[in-house]
Amino acid sequence: MPQRAYVIEQMISAKSIAARVEELAIEIAAEFRDTDKLVVVGLLRGSFVFIADLVRELELPVEVDFMEASSYGNATQSTREVRILKDLRGEIAGRDVLVVEDIVDTGYTLAHVLGILRSRRPARLRTIALLDKPARRETPVRADWIGFEIPDEFVVGYGIDYAQRNRNLPYIGRVRFSAEDDAVTSGS
Ligand code: IMP
């Protein structure tokens, strides 16, 4: 599929992200200080960099697991469908669970995943999102911890992609599309 040309402007530096991850890890460790072994669930693929940094800052015994969800708009309806492409390997009944998301946008993905996980009766279920775009929300869901609130702009980097590109940028950048051109002028 041809991609529109775009450039990437830095929005949140690698240094700011690292500082924020450190702060969040302290808050999370305080919340789960009495937990035996926290299950940290990364939502693939966008959260893979964030979860890697977060667990290394967490001074807690943790287990890491992953889920992959895919959401897509149905052109004939206003609702969004979310499909689970990969489920957890482990059981979470009676366990303390932290779900790690890259961005909460419309909110359908997080709401759907939380519904599934809640039905498995974890002891505690909390969520963290690196980025939150509250202006885009279509369903009422909010992560317990948020790295940064951002405006309604398309972003890439730090694990987050545009058409599978730019996940390896160390910072979060906003994508600026140029008017017309099929070539990608800025990559990772
Ligand atoms: P939601 O169900 O609309 O909240 O979708 C959240 C998912 O959409 C995120 O996990 C991302 O994978 C994707 N997404 C939302 N905003 C962006 C963005 O600005 N850049 C790249 N992916 C995004």
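Refer to the structure printed above.
Keep in mind that what you see is a predicted model, and the values were worked out from it rather than measured. (Residues numbered from 1 in each chain as written. Predicted model: local features only at pLDDT ≥ 70, side-chain atom pairs only at ≥ 80, totals over all residues. Heavy atoms only, no water.)

> Got a minute to help me understand the sheet that holds strand β9 (residues 172-177) in this structure?
Note: strands within a sheet are paired through backbone hydrogen bonds, in either parallel or antiparallel orientation. If you trace the three strands from one edge of the open sheet to the other, you get β1-β9-β8, paired in antiparallel fashion. Across the chains shown, the open sheet's two edge strands, defined by having one partner strand only, are β1 (6-12) and β8 (155-156). Bridge analysis of β8 against β9 gives two bridges, and the strand direction is antiparallel. Residue pairing for β9: valine 156 is matched across the bridge by glycine 173. (Pairing = 2+ DSSP bridges. Helix = DSSP H or I, 4+ residues; strand = E, 2+ residues; numbered from the N terminus.)

> Which parts of the structure should I look at to understand the environment of glycine 94?
Note that glycine 94 resides in the loop between β4 (80-86) and β5 (96-104). Residue glycine 94 is classed as exposed on the basis of its relative accessible area of 56%. Ignoring sequence-local partners within four residues, the contact set of glycine 94 consists of Arg121, Pro122 and Ala123. (Buried < 20%, exposed > 50% of the residue type's maximum accessible area, 1.4 Å probe, protein only. Contact = heavy atoms within 4.5 Å.)

> I keep staring at the site of the ligand and nothing clicks. Help me out?
Looking at the ligand, there are 15 residues lining it, with Asp102, Thr106, Thr109, Lys133 and Val155 nearest. With respect to the ligand, the side chain of aspartate 102 contributes an N or O atom lying 2.5 Å from an oxygen atom. A distance of 2.8 Å separates an oxygen atom of the ligand from a polar side-chain atom of lysine 133. Bound to the protein, the ligand loses 83% of the 500 Å² it would expose on its own. Elements with a minimum of two residues in the shell around the ligand: β5 and α3 (108-118). (Near = heavy atom within 4 Å. Polar contact = N/O pair within 3.5 Å; in protein donor to acceptor, adjacent residues only side chain to side chain. Areas by Shrake-Rupley, 256 points an atom, 1.4 Å probe, with all protein chains shown as cover.)

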